[in-house]
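# A closer look at the structure
What follows is each chain in one-letter form.
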Amino acid sequence: MTTTHTTAEWQALDAAHYLHPFTDHKSLAARGTRVITHAEGVYLHDSEGHRILDGMSGLWCVALGYGRRELAEAAYRQMQELPYYNSFFQCANPPAIELADRLARLSPPQFQHAFFTGSGSESNDTMVRMVRRYWELRGQPERQVIISRWNGYHGSTMAGASLGGMKAMHSQGGLPIPGIVHIGQPYWFECGGDLDPDEFGLKAARELEQKILEIGPDKVAAFIGEPVQGAGGVIIPPRTYWPEVQRIVDRYGILFASDEVICGFGRTGEWFGCEHFGTRPDFMTLAKAITSGYQPLGALMVADRVAQVLVGEGGEFFHGFTYSGHPVAAAVANANLEILERERIVERVRTEIAPYWAARWRELADHPLVGEARTLGLFGALELVPRKPSRAFFPERGAVGTRCRDLSVKNGLVMRAVWDTMIAAPPLVITPAEIDELVSKAVQTLDQLHQELRRDGLA
Ligand code: PXG
């Protein structure tokens, strides 16, 4: 272990030299980082000796939990055998070939090809370039526009952040890049108004059709969406939404990318989110749980419809990364996926753990601060509201959520706040007893928050 400093020393070094992602650097430097030193199972340990239940699987990725020896051993063996070689210039390596084959087997049948990247953002960038390449090869180069959704998250590179619908991200750095437009999200709690969820789901999907007609169907290249929006606040669309989107993309012949960076590899109780919702995408973007986060790796799965044109027509696709098909990352992905299959973890989520999770998490809906408690697979979200049964948010949006998150960590549970929506996505290997612990820490946190808000006249 590298713990050779006190917490204060780590924090001082961090503040002096380390620029963190998505961070107000000035306020973090004043406050100090929490230094996570080690972890096992579903528990993190910090440099102050606190043990914290990780209700977010790291950042939605640690499907198998921490401390799986097989993954460390797979990396160690591969580093000795072949730590790196590139996949350019007609070369390949065994773990990457094996991984492409394995992904083709695990994915829905239309997917027989994988393009490897280092992250979810790079997978989405690759999708943008491949979509436009496809239409160029099909003799329709004017099909350039990619439609995405407000409050979707697709990464932080120039194309990833452009595809994403986070307005704060667009406000910096001249985004979105040209040819990317957004439609509304299927977020009934916030946007549903007087419609029931099913009616609202259809309305939200039909925004896609309106946008296609507004732009001109012959100019639209693709649509991208997360089956369940993760970073946007665990937005679980009404059941009418995805079938209608599928009808629309089919009708206009546009390509459809399912961003499975969070939903992929069992989070919904199916291997991929598109399988849960019954859609038939032309691309799946993958990352995170593909290695349980033990190594950085992403992939773009390419459906036969696209691969046949790309491979069949030939001509170089001018795109790739130094670490495309990295042998160590691929070896860890193979070991991770092998465990997911061998231990039937996805099936266990669907049949045992998700039903238990749903029953326990939804009990939180009875709390006076919770306007809605929703789950799907091992996703959970709580909408914090000042008054029930209304769906109105707190006046200063996000302030209460941040307080809730901070209290939760103090109580030994990582939950994330998206504005005033509390979200959780624990490791897929969480046990019923650990779910009980998670829920009781959430209740303790909500009770403390409620007391504080009443004291402050906010609830
Ligand atoms: N697509 C989706 C759906 C994601 O959730 C990415 C793409 C980008 O992946 P990379 O590996 O480039 O980060 C993501 C990433 C959060 C949070 O606050 C979520 C992500 C990343 C950072 C923060 O929930 N998801």
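A short tour of the structure in this document, coming up. Since the structure is predicted, the reported quantities are computational estimates derived from the model, not experimental observations. (Residues numbered from 1 in each chain as written. Predicted model: local features only at pLDDT ≥ 70, side-chain atom pairs only at ≥ 80, totals over all residues. Heavy atoms only, no water.)

## Focus: the sheet that holds strand 4 (residues 111–117)
Note: strands within a sheet are paired through backbone hydrogen bonds, in either parallel or antiparallel orientation. The following threshold applies: Here, a strand pair is defined by DSSP locating no fewer than two bridges between the strands. Helix and strand labels come from DSSP, where a helix needs a run of H or I of at least four residues and a strand needs a run of E of at least two; each type is numbered from the N terminus. Here an axis means a line fitted to C-alpha atoms, over the contact stretch when the element is a helix, while the angle between two N-to-C directions is reported on a 0 to 180 degree scale. The criterion used for residue contact is that any of the two residues' heavy atoms lie within 4.5 Å.
An order of 4-10-9-8-7-5-6 is seen for the 7 strands of this open sheet, with the pairing classed as mixed. The sheet terminates laterally at strand 4 and strand 6 (180–183), the two strands that pair on one side only. Shown here is a sheet whose adjacent strand axes are inclined to one another by a mean of 25°, direction ignored. Bridge analysis of strand 7 (residues 220–225) against strand 8 (residues 255–259) gives 4 bridges, and the strand direction is parallel. Bridging from a neighbouring strand, Gly225 pairs with Ser258 of strand 8. Most of the contacts of helix 5 (residues 94–106) go to strand 4, to which it runs at about 135°, and overall it touches strand 4, strand 9 (283–286) and strand 10 (298–303).

## Structural notes on the side chain of Asn93
Quick reminder of the rule: For this analysis, a polar contact is any N or O atom pair within 3.5 Å, provided that within protein one partner can donate a hydrogen and the other can accept it, and provided that sequence-adjacent residues contribute only side-chain to side-chain pairs.
On the secondary structure map, Asn93 appears in the loop between helix 4 (69–81) and helix 5. Looking at Asn93, its side chain comes within polar contact range of the main-chain nitrogen of Ala96, at 3.0 Å. Setting aside chain neighbours within four positions, we find Asn93 in contact with Leu82, Tyr85, Ser87, Gly325 and Pro327.

## Observations concerning helix 13 (residues 304–313)
To keep it simple, the criterion reads: A simple rule labels every residue: compare its accessible area, found with a 1.4 Å probe on the protein chains alone, to the largest value its type can have, and call it buried under 20%, exposed over 50%, or partly exposed in between. In this context, the arc is that of the directions from the helix axis out to the C-beta atoms.
Every buried residue of helix 13 is accounted for by Val306, Ala307 and Val309. An end-on view of helix 13 places all buried positions within 165° of arc, on one side of the element. Along helix 13, the residues that are exposed and aim more than 90 degrees away from the buried face are Gln308, Val311 and Gly312. In this structure, the buried side of helix 13 is in contact with strand 4, helix 6 (120–137), strand 8, strand 9 and strand 10. Trailing helix 13 by a residue or two, Gly314 shows a phi angle of about 75°, which is positive.

## Regarding empty space enclosed by the protein
In plain terms, the rule: Buried and open spaces are told apart on a 1 Å grid over the protein atoms alone, a cavity being a set of points where a 1.4 Å probe fits but cannot get out and a pocket being an open set with protein on both sides within 12 Å along at least five of seven lines. Residues with an atom within 4 Å of a point are the lining residues. Grid points are joined across faces, edges and corners, and a volume is the space filled by probe spheres set on the points. All amino acids are sorted into three groups, where Ala, Val, Leu, Ile, Met, Phe, Trp, Tyr, Cys and Pro are nonpolar, Asp, Glu, Lys and Arg are charged, and the leftover types, Gly among them, are polar. Segment limits for the domains were obtained from an automatic or database-derived domain assignment.
All told, the structure shown has 1 cavity of 30 Å³ or more when counted by the stated rule. When its volume is computed, the largest cavity comes out at roughly 30 Å³. Along its surface, the largest cavity is lined by Trp60, Ala63, Ile262, Gly264, Phe265, Arg267, Ala289 and Leu428. Among the residues making up the lining of the largest cavity, the classes are represented as 6 nonpolar, 1 polar and 1 charged. Formed jointly, the lining of the largest cavity draws a minimum of three residues from each of two domains, domain 1 (34–67 + 345–455) and domain 2 (70–342).

## A look at the nonpolar core
Soluble, globular proteins show a tendency: their nonpolar side chains are buried together. Quick note on the threshold: Here, nonpolar core refers to any group of buried Ala, Val, Leu, Ile, Met, Phe, Trp, Tyr and Cys residues whose side-chain atoms link them within 4.5 Å.
In this structure, Leu103, Phe265, Leu286, Trp361 and Leu384 are the most contacted members of the largest nonpolar core, which totals 67 residues. It is helix 14 (residues 327–342) that provides the largest number of residues to this core, a total of 9 residues. The two domains that each donate at least three residues to this core are domain 1 (34–67 + 345–455) and domain 2 (70–342). What Leu286 contacts, discounting residues up to four positions off in sequence, is Leu103, Gly120, Ser123, Glu260, Val261, Phe265, Phe272, Gly298, Ala299 and Met301. Counting 37 residues, the second largest nonpolar core, distinct from the first, contains Tyr66, Phe223, Val245 and Ile254.

## Notes on the site of the ligand
Note the following rule: Nearness is defined per residue: one heavy atom within 4 Å of the molecule or strand is enough. To be clear on the numbers: accessible area is Shrake-Rupley with a 1.4 Å probe, and residue cover counts the displayed protein chains and nothing else.
Close to the ligand lie 16 residues, the nearest being Trp60, Gly120, Ser121, Asp259 and Arg416. Here a nitrogen atom of the ligand sits 3.4 Å away from a polar atom, N or O, in the main chain of Tyr153. When the free accessible area of the ligand is taken as 530 Å², the share hidden by the protein chains comes to 83%. Contributing elements (two or more residues each) for the shell around the ligand: helix 3 (57–60) and helix 6. When residues in the shell around the ligand are grouped by element, the largest group, 3 residues, is from helix 6. Counted by class, the shell around the ligand contains 6 nonpolar, 6 polar and 4 charged residues. Looking at which domains feed residues into the shell around the ligand, each of domain 1 (34–67 + 345–455) and domain 2 (70–342) gives three or more.

## Describing the pairing of strand 11 (residues 370–376)
Across the 7 residues that make up strand 11, a large majority, 5, are buried. Sheet analysis places strand 11 next to strand 12 (residues 379–384), joined by 6 bridges and oriented antiparallel. Across the sheet, the residue bridging to Val370 is Leu384, located in strand 12.

## Considerations on the sheet that holds strand 3 (residues 51–54)
The 4 strands are arranged 1-2-3-13 in an open sheet whose pairing can be described as mixed. Only two strands of the sheet have a single neighbouring strand rather than two, namely strand 1 (36–40) and strand 13 (413–414).

## Focus on the packing of helix 6 against helix 13
For the record, the criterion: Each crossing gets its handedness from the near helix: less than a right angle anticlockwise from the far helix is left-handed, clockwise is right-handed.
Between helix 6 and helix 13, whose axes approach to 10 Å, the crossing angle comes to 65°. Judged by the twist between their axes, the crossing of helix 6 over helix 13 is left-handed. The residues of helix 13 that touch helix 6, namely those facing Met130, Arg133, Tyr134, Trp135 and Leu137, are Arg305, Val306, Val309, Leu310 and Glu313. By residue class, the composition of the contact of helix 6 with helix 13 is 7 nonpolar, no polar and 3 charged.

## What to know about the environment of Leu103
Note on placement: Leu103 falls in helix 5. As a C-alpha pair, Leu103 and Glu452 span 349 residues in sequence and 49 Å in three-dimensional space. Apart from the residues lying within four places of it in its own chain, the contact partners of Leu103 are Ala114, Phe116, Phe265, Leu286, Ile290, Ala299, Met301 and Leu337.

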